[in-house]
Every structure is written in structure tokens, then in C-alpha cells.
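Each chain, letter by letter, is given below.
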Amino acid sequence: MQGNLQLVKEEICKVIKGKDDVVEKVLAAIIAGGHILLEDIPGVGKTTLAVAVSGAMSLEYHRVQFTPDVLPSDIVGFSMYNSKSQEFEYKPGAILCNLFLADEINRTSPKTQSALLEVMEEKRVTVDGVTRKLPAPFTVIATENPLGSSGTQRLPESQLDRFMVCLTMGYPGHEAAVNILQENAGNPLEHMKTVMTKTTVEQLQAKANDLFVHDSIYDYIVTLTEETRRNEFLSMGASPRGSIALLRMSKAMAVIHDRDYVIPEDVHSVFVEVLGHRVKLSPKGRAEGMSVEDALEQVFMSVYAPRT
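Computed from a predicted structure; not experimentally measured. (Residues numbered from 1 in each chain as written. Predicted model: local features only at pLDDT ≥ 70, side-chain atom pairs only at ≥ 80, totals over all residues. Heavy atoms only, no water.)

A. Main features of the sheet that holds strand E5 (residues 99–103). Taken in spatial order, the 5 strands of this open sheet run E2-E5-E8-E1-E9, and their pairing is parallel. Each edge of the sheet is formed by a strand with only one pairing partner; in this case those strands are strand E2 (61–65) and strand E9 (165–167). Direction aside, neighbouring strands of the sheet carry axes that sit 15° apart on average. Judged from the 3 bridges that link them, strand E1 (residues 36–39) and E9 form a sheet pairing that is parallel. Residue pairing for E9: Leu38 is matched across the bridge by Leu167. Helix-sheet contacts for helix H2 (residues 20–31) involve E1, strand E8 (139–144) and E9, and the interaxial angle to E9 is about 160°. (Pairing = 2+ DSSP bridges. Helix = DSSP H or I, 4+ residues; strand = E, 2+ residues; numbered from the N terminus. Axes fitted to C-alpha atoms, helices over the stretch in contact; angles between N-to-C directions. Contact = heavy atoms within 4.5 Å.)

B. A look at the layout of surface pockets. Of the volumes computed, that of the largest pocket is approximately 710 Å³. Around the largest pocket, the lining is made up of 33 residues, and of these Glu39, Cys166, Gly276, His277 and Val292 lie nearest the centre. Looking at the lining of the largest pocket, the elements with two or more residues in it are H2, E1, helix H7 (157–160), E9, helix H12 (264–275), strand E11 (280–281) and helix H14 (292–302). The dominant element in the lining of the largest pocket, judged by the number of residues it contributes, is H2, at 3 residues. For the second largest pocket, the calculated volume is near 390 Å³. What lines the second largest pocket is a set of 17 residues, and nearest its centre among them are Val15, Ile16, Gly45, Thr48 and Ile180. Grouping the constituent residues of the lining of the second largest pocket by class yields 8 nonpolar, 6 polar and 3 charged. (1 Å grid on protein atoms, 1.4 Å probe; cavity = no way out; pocket = protein on both sides within 12 Å on 5 of 7 lines; lining within 4 Å. Points joined across faces, edges and corners; volume = space filled by probe spheres on them. Nonpolar A, V, L, I, M, F, W, Y, C, P; charged D, E, K, R; others polar.)

Bear in mind that shape data such as this cannot, by itself, settle questions of function.
And the structure:
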């Protein structure tokens, strides 16, 4: 399985140049069974990354371009009366797949965004009182443009909290940008190979779920989460769901690095990505020109890491 993971990473990196760290954390989130929010300016490869992941991992992939006129029924499906059978029949929505790409999620209405709440938390969909399980594995990758872009609106905290990680692609480096131009004549996605099956993805998820975690690591994660609620530069700290996400992502990072136990470095490597979208700067933090990343780094430095 470890060899398959490396092959997946190599295939995705053929398309996404110079972003190995982001690719690794996307894979970790999928192994952890979580959902991914990609927040960045247009044109840096957010959608391409999602398509590349689905291709390399043999995941059934559906995409919805979120606009103000997208309805909840477009996502979760609806019931339609069949005059022949004289019964209502369920018409599946786009969400019934392994990898759902919610493109520019912060351009649609709150009503449509809320259609994803049950789906993301419980991995099932309820239409007209009937609940249906989603295919396994299931992951939502949502992209959003930064606040202030025309037509965008802030996602509610309940929605943000359901994303395991929030990642930023950023501009490519000079060499990576040159490689992108050199390959621009063709579509690199057409040359991707499927190097992992859905069964292997589920096996990796099970391996991460059963990974050994020392009691000191549990205490470390809880202490870090609690410290976000005490820090003077943060007005809202992380919830227990945040500490669970931090644990699951740390386990997944251990699996990616071929370890059967979690170390503090696993926690540190995903700390900002897991908690950054779950906390808010306080007025004092904003007055001192701090970013959320600065405040979380201060939190991390204030907690003693256990020796393993």
C-alpha cells in the first residue's frame, strides 16, 4: 500500500507542479476520511488538483459549479412522480459519488450550502424522509475564492468546521511555472494513470483509523486545542471536532510516512491546516497585525511536546 501512495503522489505531481506538500496533505485528508477546503485566488490549480486526485485514485467524481441559482435538489437529488408505476422515484443528485467537487462553494446561497451539512458529517443523504448512504470512500473537495472577490460570501462556522483541512495552493515557484508553460500545449490530465483502487483507499483508511496513539499524544492534542481557547490573540478557539480532526490527520500523516505510530511532528505538520479555519482572531490580534497562522504558531510553541 505504501508503494501505491507514492505512485499516487507522483501521478498527481505530474499535473500539479511544485506543490508536493499540498498534495501530501490532500492525500492525508482522504486517508483520514475527511473533507478538504481549497481557498485561493482563481487560476492556481484548485480544480485541476481535485480532478487529478480522482483520476489517480480511481474515484467516481462529480463536479458542480456553485452559482446563486444552484438548488439543494441539484446536490442531494429529489423525488419525481412516475405516472406508470404511480409511485415517487428518487432521482440521485450529484453528491452520490466518491469524490464531490464543490467548485466556488462560497458563490451559492446559504440554503444550498446547508444541503451539504448532513452529507459531510454523516456521509448520508436524506430526501423526503428517506435516508441513503453515500458510496465509500467519500470525500468533498470544495474550492472557494478569498472573501472580497465579487459575488462571494463567508461560509458559516458550522460548514467550515466540517472541513478537516483548509489548504492554500499559492503561486507556483519560477521553475514550476516554467514547467506549466512547457506542458500547456497538451492536457496533462489526459496522460494520468490510475494507480490505486477504491479498495486500497478503504484499506488505508482502516489502517489509519486503527493506528497506535500513545496517551501522551492524546493529551498533547487536547492541550493544544484547549490553548486556542485561552490565547489572547484568538477570540474563538477550536471545538472538540477540531481536536478529533487533528488526531485523524496526524494518524494519516503517520501512514503516509510509513509509520505505525503517531509522533508530535505529525501533529505539527498539519496543525495550522486543521485548526486555521476553525478559529478567529481577537481584536487585539488584529490590532497587532497578526495572522491566524501567527497566533496558532504561538499556541503551538507554548505547549510542551511529549517525547516519544
